[in-house]
Amino acid sequence: MTDSQKSDETATGVTEETAQAEEAATTADQSGQAPENAEAVAAEEPAADQGTAETGTAEEHPAQDAEDQAGTPAAPAPRPSAPSPAAFASRPKPAAAAPAVSPVPAAPSTSVAEASKWGRVEGDGHVYLTIDGGEHPVGQYPGVSGDEALIYFARKYDDVVAQVVLLEQRVSSKAPSTDMQKTVTHLREQLAERNMVGDLRAAEARLDTLAGQITELEKAEKAEHDAVRAAELAAREAIVAEAEQISGQDPAQTQWKTSSARMNELFENWKAAQKSGVRLGRSNEDALWKRFRAARTVFDRHRRAYFSQLDSNNSAAKAAKEKLIAEAEALSTSTDWGYAAGEYRRLMDQWKASPRASRKDDDALWARFRAAQDVFFTSRQAANDEIDQEYSANLTVKEALLAEANGILPIKDLSAAKKALQSVRDRWEEAGKVPRADMGRIEAGLRKVEDAVRHAEEEQWQRSNPERKARTNSALSQLESAIAGLQEDLAKAEQTGDQRKIKAAQEALEARQAWLDQIQRSASELS
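As the structure is a computational prediction, the values presented were derived from the model and not from experiment.

Conventions we followed
- Residues numbered from 1 in each chain as written.
- Predicted model: local features only at pLDDT ≥ 70, side-chain atom pairs only at ≥ 80, totals over all residues.
- Heavy atoms only, no water.
- Helix = DSSP H or I, 4+ residues; strand = E, 2+ residues; numbered from the N terminus.
- Buried < 20%, exposed > 50% of the residue type's maximum accessible area, 1.4 Å probe, protein only.
- Contact = heavy atoms within 4.5 Å.
- Areas by Shrake-Rupley, 256 points an atom, 1.4 Å probe, with all protein chains shown as cover.
- Salt bridge = Lys/Arg side-chain N within 4 Å of Asp/Glu carboxyl O.
- Phe/Tyr/Trp six-rings, centres within 6.5 Å; stacked < 30°, edge-to-face > 60°.
- Core = buried A, V, L, I, M, F, W, Y, C linked by side-chain atoms within 4.5 Å.
- Expected span 1.5 Å × (residues − 1).
- Axes fitted to C-alpha atoms, helices over the stretch in contact; angles between N-to-C directions.
- Parallel < 35°, antiparallel > 145°, perpendicular 65-115°, else oblique.
- Left-handed = near helix turned anticlockwise from the far one by under 90°.
- Polar contact = N/O pair within 3.5 Å; in protein donor to acceptor, adjacent residues only side chain to side chain.
- pLDDT = per-residue confidence, 0-100.
- Pairing = 2+ DSSP bridges.

**Let's talk about the overall build of the protein chain**
- The helix and strand tally for the protein chain stands at 15 helices and 3 strands.
- Within the span of the protein chain, comprising 527 residues, buried residues form 35% of the whole.
- The contacts of the protein chain with a sequence gap of at least 6 include a subset with a gap of at least 24, amounting to 73%.
- Accessible area for the protein chain stands at about 30400 Å²; split by element, carbon and sulfur atoms hold 51% of it.

Structure follows, in structure tokens:
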């Protein structure tokens, strides 16, 4: 039940009591005397069939007063603002709407004794309010007892108090404060009319307290609204900042698919925030939207330029590779195996150096280029297989010659080994070509024997080199002379007992002796 409905219910309860008193007044006016139980009469006869009670004055009209009271319900509470979209869950949320206010019963009806404290009735039905030590006329209710007239005007006061109670409960439950101050002002105006009997000053004091409490509630609501608005502003600023960051990327380095999807998400977040979020004010909204729109415009312009250039580059790459494909297809039927294979290597190098087209186009172009190569190399392989079949007999001959050449090793007689190797070489050339798959193995085997013979020749030359012999003999003579001198120096040092000189002479003598031994061994090998 809304606050407005509760106010209507409370006011209706009070109005029913007022209507009963009105019917009693009407009955008194028609019969000339007050009934014994005015309320009972009101319960038996419909109010619509009765006339209007005359009060004797132009100030008061009971039926109209009751209608006015019933027609002035408490102002309905406004619906709280919709929460921000899920994309902004991290922002502070507005406080949840206050819980529904439970129905408030009407204020207890004022008794005759209580009403007598605040008013009195004269014999002709005029009622007076006692306030601030004086009296104030509130109206006339003729044709009824004094108590009934007094209670009638006391119930009008009860109606105001019931609305005060309802407002107090709304304030204590922190319901939205919209129109609360208007309700306080309206109730003050009703009390100021002085057309009721009761403790008006107490009611006015309660309204004063309520006015202060409502002011504090409004301040708290404003602070909360400002916090939510600040969070909303920060969230909207974050959207704009991210859009500006995306639009500021280097177009050549931008991941367009990811960035475009993110920019679309930011736009959806912006629309959701405008639809469901807190309003930021015209100036803030316009400034942020201009920045966001500018960022999206720059991003779209860069994207269009990038893909336009990409299309241009793709066309150029396709044209260059189409030319290479044409050359490859022209070579595919060539039987000049060596030349065509070299040309295919050249075309492959150019293909690798060419710019890439789009993935789809590049894959299709590569398939055509590879197909042309496959035609050529398949034909060459077929020709080689045919040749290899013819060379199988030559392979048998060369394998036998290789086994004969391996029999030369190890070399013991260099002259005989050279003659045997030459004989193998002559027959090797006469045997002819072998299959390509075996060529490397056969040639490597013969090269091993040739290297061994050549190494043996070099060693023999080194041993018989006259220049080397002369250098060796000269070095021997020099060392022998140096050793003799060092031996004399050692003898002199021993005679003097100089340990330092003895040690130096011994070390030098040992070093020269080691050199001499090595040179003597080399000389014996040469001889």
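**Section: the pattern of salt bridges**
- Going through the model one piece at a time under the given rule, you end up with 32 salt bridges.
- The salt bridge involving Glu-244 is made with Arg-291; its shortest N-O contact spans 3.0 Å. Of this pair, Glu-244 sits in helix α7 (residues 200-247) while Arg-291 is found in helix α9 (residues 282-331), placing the two residues 47 residues apart along the sequence.
- For Asp-374, the salt bridge identified is with Arg-370, shortest N-O distance 3.5 Å. With Asp-374 and Arg-370 both in helix α11 (residues 359-406) and 4 residues apart, the pair spans about one turn of that helix.
- A network of salt bridges, in which partner residues are shared, links Asp-132, Arg-194, Arg-201 and Glu-204.

**Re the environment of Tyr-306**
- The residue Tyr-306 is located in helix α9 in this model.
- Classification of Tyr-306 as partly exposed rests on a relative accessible area of 26%.
- For the pair Tyr-306 and Ala-252, spaced 54 residues apart in the sequence, the C-alpha separation amounts to 7.5 Å.
- The residues contacting Tyr-306, other than those within four sequence positions of it, are Pro-251, Ala-252 and Trp-256.

**Digging into the packing of aromatic side chains**
- Enumeration according to the criterion identifies 17 aromatic pairs in this entry.
- Judged by centre distance (4.9 Å) and plane angle (80 degrees), the ring pair of Tyr-152 and Phe-153 falls under edge-to-face. Each member of the pair Tyr-152 and Phe-153 is classed as buried.
- An angle of 45 degrees between the planes, with centres 5.6 Å apart, marks the rings of Tyr-344 and Phe-377 as tilted. A residue pair is termed long-range when its members are at least 10 positions apart, and Tyr-344 in helix α10 (residues 337-353) and Phe-377 in helix α11 qualify at 33 residues.

**Regarding the nonpolar core**
- Formed by 32 residues in total, the largest nonpolar core has its most connected members in Val-127, Phe-153, Met-180, Leu-191, Leu-200 and Leu-207.
- Secondary structure elements with two or more residues in this core: β2 (126-131), α5 (146-172), α6 (180-192) and α7.
- Ranked by the residues each element gives to this core, the list is headed by α5, at 11 residues.
- Ignoring anything within four residues of it in the chain, the contact list for Leu-191 reads Val-160, Met-196, Leu-200, Ala-203, Glu-204 and Leu-207.
- Of all hydrophobic cores here, the second largest spans 16 residues; its members include Ile-408, Leu-421, Val-424 and Val-453.

**Quick word on α5**
- For α5, built from 27 residues, the straight-helix expectation of 39 Å at 1.5 Å per residue is met to within 8% by its first-to-last C-alpha distance of 39 Å.
- Of all 27 residues that make up α5, 20 are buried, and the element is covered over most of its length.
- Downstream of α5 by one or two residues, Lys-174 has phi in the positive range, about 55 degrees.

**Describing the packing of α10 against α11**
- Closest axis-to-axis distance for the α10/α11 pair is 11 Å, and the angle between their directions is 160 degrees. Compared by their axis directions, α10 and α11 come out roughly antiparallel. You can see that α10 and α11 cross each other, and the crossing is left-handed. Of the residues in α11, those touching α10 at Trp-337, Ala-340, Ala-341, Tyr-344, Leu-347, Met-348 and Trp-351 are Leu-365, Trp-366, Phe-369, Ala-372, Gln-373, Phe-376, Phe-377, Ser-379, Arg-380 and Ala-383.

**Re the environment of Thr-496**
- Among the structural elements, Thr-496 can be located in helix α14 (residues 466-496).
- On the basis of relative accessibility, which here comes to 62%, the residue Thr-496 falls in the exposed class.
- At 2.9 Å, the side chain of Thr-496 forms a polar contact with the backbone oxygen of Ala-493.

**A word on the confidence of the model for the protein chain**
- Across the protein chain, pLDDT averages 75, with 75% of residues at or above 70.
- Note on residues 1-102: pLDDT under 50 across the span, and 153 contacts to partners over four residues away in sequence or across chains.

**A closer look at the sheet that holds β2**
- Across the sheet, 3 strands lie side by side as β1-β2-β3; this open sheet has antiparallel pairing. Of all the strands in the sheet, the pair left with one neighbour each is β1 (119-121) and β3 (134-140). Strand-to-strand twist of the sheet, defined as the mean angle between neighbouring strand axes without regard to direction, takes the value 25 degrees.
- With 6 bridges joining them, β2 and β3 adopt antiparallel strand pairing. Bridge pairing in β3 links His-126 to Gln-140.
- Packing of α5 onto the sheet brings it into contact with β1, β2 and β3, and relative to β1 it is tilted by some 140 degrees.

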